[in-house]
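Residue-level listing of the chains:
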There are 2 protein chains.
Amino acid sequence: MIPDSLLQETTRFLHAQIPLTQAMEAEIVQMDSWGLRLKAPLAPNHNHLGSAFGGSLSAAATLACYSLVWLLMEDRSVHIVVKQSEIQYLHPVEGDILAFCQRPQDDEVADFRLCLATRGKARLTLNCTIEHGGRICVTFRGEFVALRK
Amino acid sequence: MIPDSLLQETTRFLHAQIPLTQAMEAEIVQMDSWGLRLKAPLAPNHNHLGSAFGGSLSAAATLACYSLVWLLMEDRSVHIVVKQSEIQYLHPVEGDILAFCQRPQDDEVADFRLCLATRGKARLTLNCTIEHGGRICVTFRGEFVALRK
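Residues numbered from 1 in each chain as written. Chains lettered and ligands numbered in written order. Predicted model: local features only at pLDDT ≥ 70, side-chain atom pairs only at ≥ 80, totals over all residues. Heavy atoms only, no water.

Enquirer: What should I look at first to understand the overall build of chain A in this one?
Expert: Secondary structure summary: chain A contains four helices and six strands in total. When its helices and strands are written in sequence order, chain A yields α-α-β-β-α-β-β-α-β-β. Computed over its C-alpha atoms, the radius of gyration of chain A comes to 15 Å, within 12% of the 15 Å expected for a compact globule of 149 residues. Overall, the C-alpha framework of chain A stretches about 50 × 30 × 25 Å when taken along its three principal axes. (Helix = DSSP H or I, 4+ residues; strand = E, 2+ residues; numbered from the N terminus. Rg over C-alpha atoms; globule rule 2.2 N^0.38 Å.)

See the structure below:
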C-alpha cells in the first residue's frame, strides 16, 4: 500500500505539470498490490448527453496507467511515455469517472525494472477499466515505455 | 466547404456542452471535402516534458472525428457516440495540436445516411492524424455510432 501522502504528492505533481489533469480534477485515490485507482468527477468531464466525455475517459485511463508506472518506478530520473492504446466504450459512464489500472504480475514488474536498469529502456502493457453502477463501462489497454534520461 | 460561421457555432456548442473542450481551447478550424481540422494550443495541453499530453491528443482526435460526424449529419436529432478507438503515438507533438479527421468516401457517407434513415442507427469508422513539424506524430482510428433520438 502506497501512503496517502505520496499519492497526494503525485496528484499535485500531475496538476502542476499537466494542466489538463487539473481541469479534469483528476486525483489518485489509492494504490496497493491490486493496482491504482484514479478519480475524476463528472462535473468538469461531462459531455452534451450528461454522461462522461469519451476524451475524458481515455485521458483518465491513460493517466491511471501512467501514474501506476510512475509509482512503480521509484526513480524520478525516468521518462514515461505512452506508445499506443486501445479503448472500448461499452456503456455510458453516468457519474464520476473511477479508473482502475491493474498492477502487472510481480515477474512482469521485475522484468520491467531489470530491463530498464540494464538497457535504459523498458516496455509495459497495462490494462485499465472504468466501472459505474456495478458494471464495466470502459476497457483500456495501453503500452507504456520508460526511458532513463 | 462548410462556412466559418457554422464551424464557430459548432465550437461554441462543444465549449458549452463539453467543458473539457473549453479547458483544451479546442477549435474547429476547417471542414471541406478532404476532412475536418481541429486545433488545440499547446499551452493548456502540455505534459511534464513540455510536449502534448497523450490524454489531450486522444481527446483532440476523438473530438475531431466526433465533430466531422456531427457536421456530416445535418440533423440535430441524432446522438453520436464513440464505441471504440485505437491510437499510436509515433513522435512527441512539440507544438499546437492540429488534428485532421479524413472525410470518408462519398459512398460510405451515403450508406451511413441511408442506414440511419432506415434503421435509426449507423456506424462509421474514421481515421485521424496529428502532424507536427512535417511528419505524422499520431494516428487514430475510431468507430462512431449515430442514433436517432
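Enquirer: So what exactly am I meant to see when it comes to the environment of G142(B) here?
Expert: All names here are of chain B. Positionally, G142 belongs in strand β6 (residues 135-148). Its relative accessible area of 2% is what places G142 among the buried residues. For G142 and L124, which are 18 residues apart along the polypeptide, the C-alpha to C-alpha distance reads 8.3 Å. (Buried < 20%, exposed > 50% of the residue type's maximum accessible area, 1.4 Å probe, protein only.)

Enquirer: Which parts of the structure should I look at to understand empty space enclosed by the protein?
Expert: Throughout the structure, instances matching the rule amount to one cavity of 30 Å³ or more. One number sums up the size of the largest cavity: a volume of about 60 Å³. Surrounding the largest cavity, S58(A), T62(A), S85(A), I87(A), Y89(A), F140(A), S58(B), T62(B), S85(B), I87(B), Y89(B) and F140(B) form its lining. Where the lining of the largest cavity is concerned, the elements lending two or more residues are α3 (54-73) and β3 (78-89) of chain A together with α3 (54-73) and β3 (78-89) of chain B. Here the residues of the lining of the largest cavity are counted per class, giving six nonpolar, six polar and no charged. (1 Å grid on protein atoms, 1.4 Å probe; cavity = no way out; pocket = protein on both sides within 12 Å on 5 of 7 lines; lining within 4 Å. Points joined across faces, edges and corners; volume = space filled by probe spheres on them. Nonpolar A, V, L, I, M, F, W, Y, C, P; charged D, E, K, R; others polar.)

Enquirer: Sorry if this is basic, but what is going on with the relation of the copies chain A and chain B here?
Expert: For these two chain copies, the linking operation is a rotation about an axis paired with a shift along it. Least-squares fitting of chain A to chain B yields an RMSD of 0.0 Å, with the superposition described by an axial translation of 0.0 Å and a rotation of 180 degrees. These values place the two chain copies in the arrangement generated by a two-fold rotation axis. Distance from the rotation axis, computed per C-alpha, reaches its smallest value in chain A at E86(A): 2.1 Å. (Least-squares fit on C-alpha atoms with pLDDT ≥ 70 in both.)

Enquirer: What exactly am I supposed to notice about the packing of α3(A) against helix α4 (residues 106-119) of chain A here?
Expert: Helix packing for two helices is described by the angle between their axes and how far apart those axes are. All names here are of chain A. The geometry of α3 relative to α4 is characterised by a closest axis approach of 11 Å and an angle of 70 degrees between their N-to-C directions. The angle between α3 and α4 falls in the class roughly perpendicular. The handedness of the crossing between α3 and α4 comes out as right-handed. Across the interface between the two elements, V69, L72 and M73 of α3 pack against V109, F112, R113 and L116 of α4. The class makeup of the residues in the contact of α3 with α4 is six nonpolar, no polar and one charged. (Axes fitted to C-alpha atoms, helices over the stretch in contact; angles between N-to-C directions. Parallel < 35°, antiparallel > 145°, perpendicular 65-115°, else oblique. Left-handed = near helix turned anticlockwise from the far one by under 90°. Contact = heavy atoms within 4.5 Å.)

Enquirer: Help me understand the nonpolar core in this model?
Expert: The tendency in soluble globular proteins is for nonpolar side chains to be buried as a group. Grouped together as the largest cluster of nonpolar side chains are 102 residues, with contacts concentrated most on F144(A) and F144(B). Those residues in contact with F144(A) that lie beyond four places of it in its chain are T62(A), C65(A), Y66(A), V69(A), I80(A), V81(A), V82(A), A122(A), R123(A), L124(A) and L126(A). (Core = buried A, V, L, I, M, F, W, Y, C linked by side-chain atoms within 4.5 Å.)

Enquirer: I keep staring at the interface of chain A and chain B and nothing clicks. Help me out?
Expert: Note: interface size is frequently given as the accessible area lost on complex formation between the parts. Counting from both sides, the interface comprises 35 residues of chain A and, opposite them, 35 residues of chain B. For the pairing of chain A and chain B, the buried interface totals around 2,700 Å² over both sides, and the portion due to carbon and sulfur atoms is 64%. The interface formed by chain A and chain B includes zero salt bridges. Going through the elements one at a time, α1 (4-17), α2 (19-23), α3 and β3 of chain A are the ones with two or more residues in the side of chain A that touches chain B. (Buried area = accessible area lost by both parts, 1.4 Å probe. Salt bridge = Lys/Arg side-chain N within 4 Å of Asp/Glu carboxyl O.)

Enquirer: Explanation requested: α3(A) in the structure shown.
Expert: Each α-helix winds once per 3.6 residues, and so residues spaced three or four apart point in a common direction. Taking 1.5 Å per residue as the helical rise, α3(A) with its 20 residues ought to reach 28 Å, and the 29 Å between its terminal C-alpha atoms agrees with that figure. Among the residues trailing α3(A), E74(A) stands out with phi positive, at a value near 50 degrees. (Expected span 1.5 Å × (residues − 1).)

Enquirer: Would you mind showing me how to read unusual backbone geometry here?
Expert: What you tend to see is this: most non-glycine residues have negative phi, and most peptide bonds are trans. For E25(A), which is not glycine, the phi torsion reads 55 degrees and is therefore positive. By the secondary structure assignment, E25(A) is in the loop between α2 and β1 (27-31).

Enquirer: Any chance you could explain the sheet that holds strand β2 (residues 35-40) of chain B here in plain terms?
Expert: The strands making up a sheet associate through hydrogen bonds between their backbones, and the pairing can be parallel or antiparallel. Sheet architecture is open: twelve strands sit in the order β1(A)-β2(A)-β4(A)-β5(A)-β6(A)-β3(A)-β3(B)-β6(B)-β5(B)-β4(B)-β2(B)-β1(B), paired in antiparallel fashion. Edge positions in the sheet fall to β1 of chain A together with β1 (27-31) of chain B, since each has one partner strand and no second. Each neighbouring strand pair of the sheet contributes to a mean axis angle of 25 degrees, computed without reference to strand direction. Pairing of β3(A) with strand β6 (residues 135-148) of chain A involves eleven bridges; the strand directions are antiparallel. In the strand pairing of β6(A), Q88(A) is matched with T139(A). Strands in contact with α4(A) are β3, β5 (121-132) and β6 of chain A; relative to β5(A), the strand with the most contacts, it is inclined by about 145 degrees. (Pairing = 2+ DSSP bridges.)

Function-wise, these values are silent; they only describe arrangement.
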